[in-house]
Amino acid sequence: MIKGLFKRNDSGRIKSFELTGHANAGEYGSDIVCAAVSALAISAVNGIDSLAGVKPLIESNESEGGQLYVEIPSHHSLTQEQTNITQILLENLLLGLQSVQSENSDSIEVQTLTKQ
């Protein structure tokens, strides 16, 4: 199962997300849940870099796959426009993953934590 964990700061902004595991919804190369999650995540990260001009901290397991951690740099160093674009892309990623989950709840689980 793919597990997605989004962390929000105390003002409600997404500060990081992590995707771990494998969907196991089909054979390697034919797993549509994995393909959807990968496409959504890569698109969001590329958009944050290209459209917002923000270089997130990225950690991944490139040899085995199944793990991606993305953290947005401190909002103090970003302009309001960069923050807005980044948050729109991250919220869109979350919505997309929740949509995949609604149709494939046995293959993906997404949670959001807010700093208390």
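Going by the structure above, here's the rest.
From a predicted model like this one, the values you see are computed outputs, not experimental measurements.

Draft legend 1. Region of interest: the nonpolar core. Counting 26 residues, the largest nonpolar core has F6, F17, V37, L97 and I108 as its most contacted members. Looking at this core, the elements that each hand over two or more residues are β1 (2-8), β2 (14-20), α1 (32-50), β4 (67-71), α2 (80-103) and β5 (108-114). When residues no more than four places from it in sequence are discounted, the contact partners of V37 are I2, L19, L97, V100 and I108.

Draft legend 2. Highlighting the pairing of β2. As paired strands, β1 and β2 are joined by six bridges and run antiparallel to one another. Considered in β2, the bridge of G4 is made with L19.

Draft legend 3. Expanded view of the side chain of D31. Residue position: D31 is located in the loop between β2 and α1. Look at D31: it is buried, it has no salt bridge, and the nearest opposite charge is K3 at 15 Å. In this structure the side chain of D31 is engaged in a polar contact, spanning 3.2 Å, whose partner is the backbone nitrogen of N24. A polar contact of 3.1 Å, which involves the side chain of D31, links it to the backbone nitrogen of V33. Beyond its immediate chain neighbours, meaning those up to four positions away, D31 contacts A23, N24, A25 and G26.

Draft legend 4. Up close: the pattern of salt bridges. Counting across every chain of the model gives three salt bridges. Linking E91 and R8 is a salt bridge whose minimum nitrogen-to-oxygen distance equals 2.6 Å. You can see E91 sitting in helix α2 and its partner R8 sitting in strand β1, a full 83 residues away along the chain. For E91, a relative accessible area of 27% puts it in the partly exposed group.

Draft legend 5. Structural context of the sheet that holds β4. Taken together, the five strands give an open sheet; going across it, the order is β3-β4-β2-β1-β5, and neighbouring strands pair in mixed fashion. Whereas interior strands pair on both sides, the edge strands pair on one side only; in this sheet they are β3 (57-60) and β5. Neighbouring strand axes in the sheet, compared pairwise and without regard to direction, differ in orientation by 10° on average. In the sheet, β3 pairs with β4 via four bridges, with the strands oriented antiparallel. Looking at the pairing, L57 lines up with E71 of β4. Most of the contacts of α1 go to β2, to which it runs at about 150°, and overall it touches β1, β2, β3, β4 and β5. α2 rests against β1, β2 and β5 of the sheet, and its axis sits at about 140° to β5.

So, how was this worked out
- Residues numbered from 1 in each chain as written.
- Predicted model: local features only at pLDDT ≥ 70, side-chain atom pairs only at ≥ 80, totals over all residues.
- Heavy atoms only, no water.
- Core = buried A, V, L, I, M, F, W, Y, C linked by side-chain atoms within 4.5 Å.
- Buried < 20%, exposed > 50% of the residue type's maximum accessible area, 1.4 Å probe, protein only.
- Helix = DSSP H or I, 4+ residues; strand = E, 2+ residues; numbered from the N terminus.
- Contact = heavy atoms within 4.5 Å.
- Pairing = 2+ DSSP bridges.
- Lys, Arg positive; Asp, Glu negative; His and termini not counted.
- Salt bridge = Lys/Arg side-chain N within 4 Å of Asp/Glu carboxyl O.
- Polar contact = N/O pair within 3.5 Å; in protein donor to acceptor, adjacent residues only side chain to side chain.
- Axes fitted to C-alpha atoms, helices over the stretch in contact; angles between N-to-C directions.

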